[in-house]
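In case you want the letters, here they are:
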Amino acid sequence: MQLPPLRDGDAQAIDAFLDSAWAERGLARQTLDSYRRDLAMLARWRNGAAGGLAAMDRQGLHEYLAWRTRAGYSPRSNARLLSALRAFFGHLLQRGLRSDDPTALIERPRQGRLLPRALTESQVDALLAAPDPATPEGLRDKAMLELVYACGLRVSELVALPANAVNLRQGVLRVTGKGGKERLVPLGEEAQHWLERYLREALPALAGGRRVPAGPGGEVPMFIGPSLTAPTRQAFWNTVKQHAAAAGIDPARVTPHGMRHSFATHLLNRGADLRALQMLLGHSSLSTTQIYTLVAREKLKQLHARHHPRA
């Protein structure tokens, strides 16, 4: 189904909501981008009918969710959409632009709990060994991969790292996570070694004598590409896929976020405390971290099934 363009009134309503969410709730940029996509798609589907997106009723939302289900959208995707809608209509309620919330009695779609997909330790070793540190680009990629795995970074956290986020003397990294929350994460000897080499050797070569400009937040990025700007999340995704293929790992099984999952799973398998892991990952709730205990439990089941004589 070809959807019509977004109408001006709906675009203005969405922009006002996102500006408010950014200023008042400090939502992460990728969350706001996700909200924008979901709300814009609904507005285009509605196409200005009966007052547009802001005037939508519960029946209209049910019809849209039914259309998405027929179109093959997953329960996980629909649950994310519902979160965006609840935030949007809650914004309208707070400002007196609506007197009701049409999402109030809509149940969240049921979805199976997806376990994070982690690489094995040998696969991580192969992936980290894939970049060629003899070239500036390879040394940069090596440092980025080592840092993601050593510190359990989200991709958005990695590409947004400013040059002043690292304290090499103390061996820690200052990371700004979701909601603008900061945490200090130890680098580890290996990651610190490659980061020092990148800053000393690759960064000047990539800059080519040019001054690296400050990014949107006013800080100079730690990692740069040919245009002297920080790499995008998509660019790093391609980097991971490229080096996974070179390491003999199926690129379809490797994602940048999978490196974070690998960090958490490997720490837990080696006896890390769950509370400490929560702090390292920057999770606001321990329940989010506990999913990794399910990963470890599943691995034990597989080992038992493979090696026990009566399994």
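Summary of the structure given here. (Residues numbered from 1 in each chain as written. Predicted model: local features only at pLDDT ≥ 70, side-chain atom pairs only at ≥ 80, totals over all residues. Heavy atoms only, no water.)

1. Notes on the overall build of the chain
What counts, and what does not: Note on conventions: DSSP H or I runs of at least 4 residues are helices, E runs of at least 2 residues are strands, and numbering of each starts at the N terminus. Between two residues, a contact is recorded if the distance between any of their heavy atoms is within 4.5 Å. All accessible areas in this document rest on Shrake-Rupley with a 1.4 Å probe, and a residue is counted as covered only by the protein chains that are shown.
When helices and strands are tallied, the chain shows 13 helices and three strands. Within the chain, counting contacts between residues at least 6 apart in sequence, those at least 24 apart form 59% of the total. A total accessible area of about 16900 Å² is found for the chain, and carbon and sulfur atoms account for 52% of it.

2. Here we look at the nonpolar core
The tendency in soluble globular proteins is for nonpolar side chains to be buried as a group. Just so we agree on the cut-off: Only buried Ala, Val, Leu, Ile, Met, Phe, Trp, Tyr and Cys residues count toward a nonpolar core, and they belong to the same one when joined by side-chain atoms within 4.5 Å. Burial classes follow relative accessibility: with a 1.4 Å probe on protein chains only, a residue under 20% of its type's maximum area counts as buried, one over 50% as exposed, and anything between as partly exposed.
Judged by nonpolar contacts, the single largest core of 41 residues is most densely connected at Leu147, Leu173, Tyr198, Met222 and Phe223. Of all the elements, helix α8 (residues 189–207) adds the most residues to this core, at eight residues. When residues no more than four places from it in sequence are discounted, the contact partners of Met222 are Leu147, Leu161, Pro162, Ala163, Ala165, Val166, Leu173, Leu195, Tyr198, Leu199 and Leu203. Counting residues in hydrophobic clusters, the runner-up holds 29 residues, among them Leu53, Leu61, Trp67 and Phe89.

3. Overview of the environment of Gly188
In this structure, Gly188 sits in the loop between β3 (182–186) and α8. Taking the C-alpha atoms as reference points, Gly188 and Ala150, separated by 38 residues in sequence, lie 6.6 Å from one another.

4. Observations regarding the sheet that holds strand β1 (residues 166–167)
Heads up, the condition is: When DSSP finds at least two bridges between two strands, those strands are taken to pair.
Taking strand neighbours across the sheet as the criterion, the three strands line up as β1-β2-β3 in an open arrangement whose pairing is antiparallel. Each end of this open sheet is capped by a strand with a single partner; those strands are β1 and β3. Strand direction decides the pairing type here: β1 and strand β2 (residues 172–176), joined by two bridges, are antiparallel. Bridge assignment links Val166 to a residue of β2, and that residue is Leu173.

5. Quick notes on unusual backbone geometry
Excluding glycine, a negative phi dihedral is what most residues carry, and trans is how most peptide bonds are arranged. Of note, Leu228 is a non-glycine position whose phi angle comes to about 70 degrees, a positive value. Following the sequence through the fold, Leu228 ends up in the loop between α8 and α9 (233–246).

6. Considering the packing of aromatic side chains
Cut-off, in case you're wondering: The aromatic pairing rule takes the rings of Phe, Tyr and Trp, using the six-membered ring of Trp, and pairs them if the centres are within 6.5 Å, calling planes under 30 degrees apart stacked, those over 60 edge-to-face and the rest tilted.
With the rule as written, the count across this model stands at eight aromatic pairs. For the ring pair Phe17 and Tyr35, a centre distance of 5.9 Å and an interplane angle of 25 degrees mean the geometry is stacked. Here the residue Phe17 occupies a position in helix α1 (residues 8–25), and Tyr35 occupies one in helix α2 (residues 29–46), the gap between them amounting to 18 residues. Plain terms: the ring middles of Tyr64 and Trp67 are 5.7 Å apart, the flat faces sit at 20 degrees to each other, and that makes the pair stacked.

7. Focus: the layout of surface pockets
Short version of the rule: Of the grid points, spaced at 1 Å and generated over the protein atoms alone, those admitting a 1.4 Å probe that cannot get out make up cavities, while open sets with protein on both sides within 12 Å along at least five of seven lines make up pockets; any residue with an atom within 4 Å of a point is treated as lining. Grid points are joined across faces, edges and corners, and a volume is the space filled by probe spheres set on the points. When residue character is reported, Ala, Val, Leu, Ile, Met, Phe, Trp, Tyr, Cys and Pro are called nonpolar, Asp, Glu, Lys and Arg charged, and the others, Gly included, polar.
Its boundaries defined by the atoms lining it, the second largest pocket holds a volume of some 1100 Å³. Taken together, 36 residues line the second largest pocket, and the ones lying closest to its centre are Ser156, Val159, Ala160, Leu161 and Pro216. Going through the elements one at a time, α2, α7 (155–159) and β2 are the ones with two or more residues in the lining of the second largest pocket. Of the residues that constitute the lining of the second largest pocket, the class distribution is 17 nonpolar, twelve polar and seven charged.

8. Quick word on the packing of helix α10 (residues 256–269) against helix α11 (residues 274–281)
The following threshold applies: Geometry is summarised by axes, namely lines fitted to C-alpha atoms with helices restricted to the contacting stretch, and by angles between N-to-C directions that run from 0 to 180 degrees. An angle below 35 degrees is treated as roughly parallel, one above 145 as roughly antiparallel, one from 65 to 115 as roughly perpendicular, and anything else as oblique. Throughout, a crossing is termed right-handed when the near helix is turned clockwise from the far one, and left-handed when it is turned anticlockwise from it by less than a right angle.
Interhelical geometry of α10 versus α11 gives an angle of 160 degrees and a closest axis separation of 10 Å. By the angle between their directions, the pair α10 and α11 is classed as roughly antiparallel. Classified by chirality, the crossing of α11 by α10 is right-handed. Contact with α10, carried on its side by Arg260, Phe263, Ala264, Leu267 and Leu268, involves Leu274, Leu277, Leu280 and Leu281 of α11 and no other residues of that element.

9. Thoughts on the packing of helix α6 (residues 136–151) against α10
In contact at an axis separation of 7 Å, α6 and α10 are set at 40 degrees when each is read in the N-to-C sense. The angle between the axes of α6 and α10 places the two elements in the oblique class. For α6 against α10, the interelement crossing comes out right-handed. Taken together, the residues of α10 that come into contact with α6 (itself represented by Leu145, Val148, Tyr149, Ala150 and Cys151) are Pro256, Met259, Arg260, Ser262, Phe263 and His266. In terms of residue class, the contact of α6 with α10 is built from eight nonpolar, two polar and one charged.

10. What to know about the pairing of β3
Only one face of β3 is buried: it carries Arg183 and Val185, and the other face, with Glu182, Leu184 and Pro186, is open. Taken together, the five bridges between β2 and β3 define a ladder with antiparallel strand orientation. Bridge pairing in β3 links Thr176 to Glu182. As consecutive antiparallel partners, β2 and β3 are separated by five residues, and within that stretch Gly179 has a phi angle of approximately 70 degrees, a positive value.

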